Structures are given as structure tokens and as C-alpha cells.
Amino acid sequence: HRILQQHPSEFILSFTVIRSENNVLRSKVCIGSPERCGMFKLSTISSIMWTFSSPNDTSSPLYNPKHSNTSTNLRTSIQLSENAQHIEADLYEDSISIDNYLIGRLNFAIIPTTSKVYTDQYDGAIGLGYSNDQSIPSLLEHVDKKNLIDYNVYYINFYSTDKASLTIGNFPHDSYYM
């Protein structure tokens, strides 16, 4: 066996993750200007970041593109699958930060709170999966293209029953061999 790489990356992103009692991993995500922040679940199945939105409720803490000075409607709809339900969602672009680390402008989908998949357990999802659709870059593809990371990989490190970290751009080389 040989170690994949022997020196640590200089370009990694590391986020705090909270594990809920039903084992949903979540991290703080803020979107737009002014920012609307919420807890987004980590999804290794999807490559798309998405958020619930309450377009007609101005008092809602959820993201609303009408209230962001930096929101761009991409005028495209996509099909998402969430909780074994297929839904249509609109694509937007806006400023995104995860765990107070500014990622930059990123494409994401908006699912209305009137959707049958709405839940108050989380406010959206961070898609960590890989996509064949080059028109909608995943979070990993986005930060890789902007040279914010060395490698298009991630790992989750569990510290305790309710704390973990998500590291994007590198992995513990001394633990993984080819």
C-alpha cells in the first residue's frame, strides 16, 4: 500500500456540523444580502444545494429571493428528489456562506414551503454528491473551480454524539491508503 499524498493541503474548507437525534447532519448556511441563515442538512445523494423558501411570508426566517439585493433568478426549473418525492424547483444564484465561511455566488434550488416535502427539521440541503450536469455545478465543483481547495473530495469526522466536522478539499492521508 502507498499513501495517496504525504503532505497536507494548504487549501481546505472545514465546517462545523451538528448531528441531530435522528442522525441528520446539519451546518449553518447563510444566503443573500441581507443574509438569511438556517441549518442545512448534508446530502451525499444530491449534488444540488437547495433551500426551502416562503415567498409570501415576509416575517419568515427562510431565504426569500425577493428580499435579497444579490439574488439572480436563473429562469430555469429542475426536478429534485427529496424524501422519495419528486418536486420541481426553481434555480437561483446568490451569495452563500457555510459556517461563516464565504463560498461566493452559487447556484441553488428553491423549494416552496407549500411543497409536500417541507419539514421544519432543516431549512435546506448542501448537496455533496457528484453531478453529470455541468450546467449546475455542485458545491465541490464550485470551490474546486475557484481554486479554494486542492482536491475535489470531502470527509466527515465525527467527534462525539452530536458534533462533527465536514472538510472539503482534503482528507486524512495517513488514514486512507490505495
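Coordinates for the structure precede this section.
Residues numbered from 1 in each chain as written. Predicted model: local features only at pLDDT ≥ 70, side-chain atom pairs only at ≥ 80, totals over all residues. Heavy atoms only, no water.

Enquirer: Before we go on, may I ask you to explain the pattern of salt bridges in this structure?
Expert: Side chains bearing opposite charge may pair, as long as their charged atoms lie close to each other. Per the counting criterion, the structure on display carries one salt bridge. When the shortest N-O distance is used, the salt bridge between arginine 105 and glutamate 93 registers 3.1 Å. Of the two residues, arginine 105 sits in strand 7 (residues 101-112) while glutamate 93 sits in strand 6 (residues 85-98), which places them twelve residues apart along the sequence. Given a relative accessible area of 30%, arginine 105 falls into the partly exposed group. (Salt bridge = Lys/Arg side-chain N within 4 Å of Asp/Glu carboxyl O. Helix = DSSP H or I, 4+ residues; strand = E, 2+ residues; numbered from the N terminus. Buried < 20%, exposed > 50% of the residue type's maximum accessible area, 1.4 Å probe, protein only.)

Enquirer: How should I be thinking about the pairing of strand 3 (residues 36-43) in this particular structure?
Expert: The side chains of a regular strand alternate between the sheet's two faces. Pairing of strand 2 (residues 25-31) with strand 3 involves six bridges; the strand directions are antiparallel. Among the inter-strand pairings, arginine 26 is bridged to a residue of strand 3, identified as lysine 41. Here strand 3 runs beside strand 8 (residues 124-127); their pairing, made up of four bridges, is parallel. Among the inter-strand pairings, phenylalanine 40 is bridged to a residue of strand 8, identified as glycine 124. (Pairing = 2+ DSSP bridges.)

Enquirer: Looking at this structure, I do not really get the packing of aromatic side chains. What am I missing?
Expert: Under the criterion given, the structure shown has five aromatic pairs. Ring centres of phenylalanine 52 and tyrosine 122 lie 6.4 Å apart, and the angle between their planes is 20°; on these two criteria the pair is classed as stacked. Remark: tyrosine 122 occurs in the loop between strand 7 and strand 8 and phenylalanine 52 occurs in strand 4 (residues 50-53); sequence separation between them is 70 residues. Side by side, phenylalanine 52 and tyrosine 122 carry an identical accessibility label, which is buried. Between tyrosine 63 and phenylalanine 108, the aromatic rings sit 5.4 Å apart at their centres with planes inclined by 80°, giving edge-to-face as the arrangement. (Phe/Tyr/Trp six-rings, centres within 6.5 Å; stacked < 30°, edge-to-face > 60°.)

Enquirer: I keep staring at the nonpolar core and nothing clicks. Help me out?
Expert: Soluble globular proteins: nonpolar side chains tend toward being buried together. Ranked by internal contacts, the top residues of the largest apolar core, which has 26 residues, are Ile96, Ile98, Ile126, Leu139 and Ile168. Among the elements of the structure, strand 1 (13-19), strand 2, strand 3, strand 6, strand 7, helix 1 (139-145) and strand 10 (163-168) are those that each provide at least two residues to this core. Top element by residues in this core is strand 7. It accounts for four residues. Trp50, Phe52, Ile87 and Ala89 belong to the second-largest nonpolar core, a separate cluster that totals 16 residues. (Core = buried A, V, L, I, M, F, W, Y, C linked by side-chain atoms within 4.5 Å.)

Enquirer: Looking at this structure, how should I read the environment of phenylalanine 52?
Expert: The exposure class of phenylalanine 52 is buried, given its relative accessible area of 0%. Here the alpha-carbon distance between phenylalanine 52 and aspartate 120, two residues 68 residues apart in the chain, equals 9.5 Å. Those residues in contact with phenylalanine 52 that lie beyond four places of it in its chain are Leu62, Tyr63, Ile111, Pro112, Thr113, Val117, Tyr118, Thr119, Tyr122, Asp123 and Gly124. (Contact = heavy atoms within 4.5 Å.)

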